[in-house]
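One letter stands for each residue in the lines below.
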Amino acid sequence: MKCYRLFIPYSRWRDAHPIVHSQKYHRRRRVCRLISKTLSKMALSSVLQSESADFSFNNDRSFSFGCRFGQTDLGFGAAPGDRLNFAIKASLGPDDKDGPERKIEFLHGTTTLAFKFQHGVIVAVDSRATAGAYIASQTVKKVIEINPYLLGTMAGGAADCSFWERLLARQCRVYELRNKERISVAAASKLLANMVYQYKGMGLSMGTMVCGWDKRGPGLYYVDSEGNRVCGDLFAVGSGSMYAYGVVDSGLRQDLSVEEACELGRRAIYQATYRDAYSGGQVNLYHVHSEGWTRVSQEDVLKLHHQYQEPKK
Amino acid sequence: IYDRAITVFSPDGHLFQVEYAQEAVKKGSTAVGIRGKDIVVLGVEKKSVAKLQEERTVRKICALDDHVCMAFAGLTADARIVINRARVECQSHRLTVEDPVTVEYITRHIATLKQRYTQSNGRRPFGISALIVGFDSDGTPRLYQTDPSGTYHAWKANAIGRSAKTVREFLEKNYTEESIATDNEAIKLAIKALLEVVQSGGKNIELAVIRRNQSLKLLESKEIETLVTEIEKEKEEEAEKKKQKKST
């Protein structure tokens, strides 16, 4: 863009060229709205394809809104020459036999859960992916390992979650190298929230929990594509979250042992899969402690069912 | 206008504009910084103020945040720009990272800014050297110095500006563990260092301190005067002792 040739920030160029900027800006917005409207009318594979939109285009968009995406002094953004080109072909999921009008959400049907306790954070997720009434997969990995001491959960669009969290991993690593210390959970979640906020209203679907341990102790933040970012002690996200809340709320105490907390998380997800049609598969359990995260267990829901229901007989 | 590069290499590998900028720094008034154990001290030589001028507006020591401050030597106008950018960056960092800046971070930011100006079209380097002092959130005191080329180093004690060499030599001789043992001692060391080069004593010295978990404090001229008289008394006592030793 012209302003880069002149080595001045976009905002200064924009203020110096009000008319040209305004025309370009409004034309871009009209084009964007048109694109997002047409995409949202298409079916599953196209929902995935919208994630495969050329991200260099998206980067330009964020520039045109005056956010210096590539130029924050913290160095957190991509450099202008650093075009992120991410094209996922819609190879996952079924073909869109359901017709063009059905807007199929991948992974809102899910249950993910995380809570803090004295020994860190427990993260428990199910592993079912549904497309309408079709179970697309029972073995989805809904916990993304950002780095050895940070975890992110996945709810909403699978591509959105995994892409942005991998991008977050890149930013966290750069932060670590620049500042010679690990990034805090607050800062990592803030980076993610700021990144997706630039795309607010453009159809991103992501509800993630960033969990980790930093010098302030255990950290748990809920970040979503609406721009919410909240710190908390307990979050459950997805269609089965209400059932999970019921179990965790009644069993959560600060002085749980690691074993008890894992069992609580496992039980909560199991109950959610029992009642919610869109959750199931296996329960993946992680524990985040001061040394980092550990994968505690992966158990099939049916096995848990026998384990819990057997004594009742 | 933006096409001509001003800072280009000379045949023998020097960046002359940067070196000229360093010359400009050497013409500025002296600033000295000392890192104590629980205190960091900044002292500057105050240029004599004209009769009608308001003294308050001639400030060479500026707070960048609650826990960091800096003094500079060189072109005051350039310094103003750098200080503004640094202040904004301190708050930006608080917003995105939810933590106050470390002294090293803000120094690195200022140094990167300066370096950018040595490698841009149509711009000249900043003509200032800065002494940045403060405490990190874990309580360690820090002192950094930057110069127009964009490099930065950590120091235990340093001086910049006019006669910086003399002051630095004085500090090298007198900076010992005992000389910075208490806060007062550290302040007195800074004053002593400045008195080496400042003409008329306490009136032309401006001093600022940061103590751990406290914000920047500018010492009033009365306090400086008392400390100066203390120092002069100590000097006399030293001279007396030496005389007695010689006579015996």
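Residues numbered from 1 in each chain as written. Chains lettered and ligands numbered in written order. Predicted model: local features only at pLDDT ≥ 70, side-chain atom pairs only at ≥ 80, totals over all residues. Heavy atoms only, no water.

In the nomenclature of an unreviewed UniProt entry, chain B is known as Proteasome subunit alpha type of Oncorhynchus kisutch. The heading Subunit (unreviewed entry) in the UniProt record of chain B holds the text "The 26S proteasome consists of a 20S proteasome core and two 19S regulatory subunits." (UniProt positions renumbered as here; feature names shortened; annotations may be inferred.)

An unreviewed UniProt entry lists chain A under the name Proteasome subunit beta, with Oncorhynchus kisutch as the source organism. Its UniProt record gives chain A the following Catalytic activity (unreviewed entry) comment, quoted word for word: "Cleavage of peptide bonds with very broad specificity."

Right, let's talk about the state of the cysteines for a bit. Inspection of the entire model under this criterion finds 0 disulfides over all chains. Cys69 of chain B supplies the cysteine sulfur nearest to Cys62 of chain B, a cysteine that is in no disulfide, at a spacing of 8.5 Å. (Disulfide = S-S within 2.5 Å.)

Moving on to the interface of chain B and chain A. The interface of chain B with chain A comprises 15 residues on the first partner and 17 residues on the second. Buried surface at the junction of chain B and chain A, summed over both partners, amounts to about 1,500 Å²; 43% is from carbon and sulfur atoms. For Glu98 of chain B, the salt bridge identified is with Arg229 of chain A, shortest N-O distance 2.9 Å. The tally of links between chain B and chain A comes to 7 residue pairs in polar contact (both at pLDDT 80 or more). Looking at the side of chain B that touches chain A, the elements with two or more residues in it are helix 2 (76–97) and helix 3 (103–117) of chain B. Sorting elements by how many residues they give to the side of chain B that touches chain A places helix 2 of chain B first, with 6 residues. Among the residues forming the side of chain B that touches chain A, the class breakdown is 4 nonpolar, 5 polar and 6 charged. (Contact = heavy atoms within 4.5 Å. Buried area = accessible area lost by both parts, 1.4 Å probe. Salt bridge = Lys/Arg side-chain N within 4 Å of Asp/Glu carboxyl O. Polar contact = N/O pair within 3.5 Å; in protein donor to acceptor, adjacent residues only side chain to side chain. Helix = DSSP H or I, 4+ residues; strand = E, 2+ residues; numbered from the N terminus. Nonpolar A, V, L, I, M, F, W, Y, C, P; charged D, E, K, R; others polar.)

It is worth spelling out helix 6 (residues 158–179) of chain A at this point. Under the 1.5 Å per step criterion, the end-to-end length of helix 6 of chain A is 31 Å for 22 residues, consistent within 8% with the ideal 32 Å. Directly beyond the C-terminal end of helix 6 of chain A, a positive phi value near 55 degrees is found at Lys180 of chain A. (Expected span 1.5 Å × (residues − 1).)

Residue and element names in this part refer to chain B. For strand 9 (residues 205–211), a buried count of 6 out of 7 residues is recorded, marking the element as mostly surrounded by other parts of the structure. Direction of pairing for strand 9 relative to strand 10 (residues 217–218): antiparallel, over a ladder of 2 bridges. Following the sheet pairing, Val209 is matched in strand 10 by Lys217. Turn length for the strand 9-strand 10 hairpin, with the two strands adjacent in sequence and antiparallel, is 5 residues, and the turn residue Asn213 shows positive phi of about 60 degrees. (Buried < 20%, exposed > 50% of the residue type's maximum accessible area, 1.4 Å probe, protein only. Pairing = 2+ DSSP bridges.)

Bringing the packing of helix 9 (residues 258–275) of chain A against helix 10 (residues 301–309) of chain A into the picture now. All names here are of chain A. Between helix 9 and helix 10, the least distance of the axes is 10 Å, while the angle of their chain directions is 105 degrees. Taken together, helix 9 and helix 10 sit at an angle that is classed as roughly perpendicular. Between helix 9 and helix 10, the contacting residues are Glu263, Arg266, Arg267, Tyr270, Thr273 and Tyr274 on the first element and Val301, Leu304, His305, Tyr308 and Gln309 on the second. Here the residues of the contact of helix 9 with helix 10 sort into 5 nonpolar, 3 polar and 3 charged. (Axes fitted to C-alpha atoms, helices over the stretch in contact; angles between N-to-C directions. Parallel < 35°, antiparallel > 145°, perpendicular 65-115°, else oblique.)

Soluble, globular proteins show a tendency: their nonpolar side chains are buried together. Leu150, Trp164, Leu168, Ile183, Leu192 and Met206 of chain A are the most contacted members of the largest nonpolar core, which has 31 residues in total. Mapped onto this core, the elements with two or more residues apiece are strand 5 (143–147), helix 6, helix 7 (185–197) and strand 8 (217–224) of chain A. For Leu192 of chain A, the residues in contact, after removing those within four places along its chain, are Trp164, Leu168, Met206, Thr208, Val210 and Val223 of chain A. Grouped together as the second largest cluster of nonpolar side chains are 29 residues, Ile39, Ala186, Ile187 and Ile231 of chain B included. (Core = buried A, V, L, I, M, F, W, Y, C linked by side-chain atoms within 4.5 Å.)

Looking now at the confidence of the model for chain A. When pLDDT is averaged along chain A, the result is 78, and 74% of the positions lie at 70 or above. Note that residues 42–105 of chain A has pLDDT below 50 and, in this model, 112 contacts with residues that lie over four places away or in other chains. (pLDDT = per-residue confidence, 0-100.)

Note that side chains of opposite charge can pair when their charged atoms are close. A complete count under the given rule lists 25 salt bridges over all chains for this structure. The salt bridge involving Glu299 of chain A is made with Arg266 of chain A; its shortest N-O contact spans 3.7 Å. Remark: Arg266 of chain A occurs in helix 9 and Glu299 of chain A occurs in strand 12 (residues 292–300); sequence separation between them is 33 residues. Residue Glu299 of chain A is classed as buried on the basis of its relative accessible area, which comes to 17%. Linked through salt bridges whose partners overlap, the residues forming this network are Glu185, Lys188, Glu230 and Glu234 of chain B.

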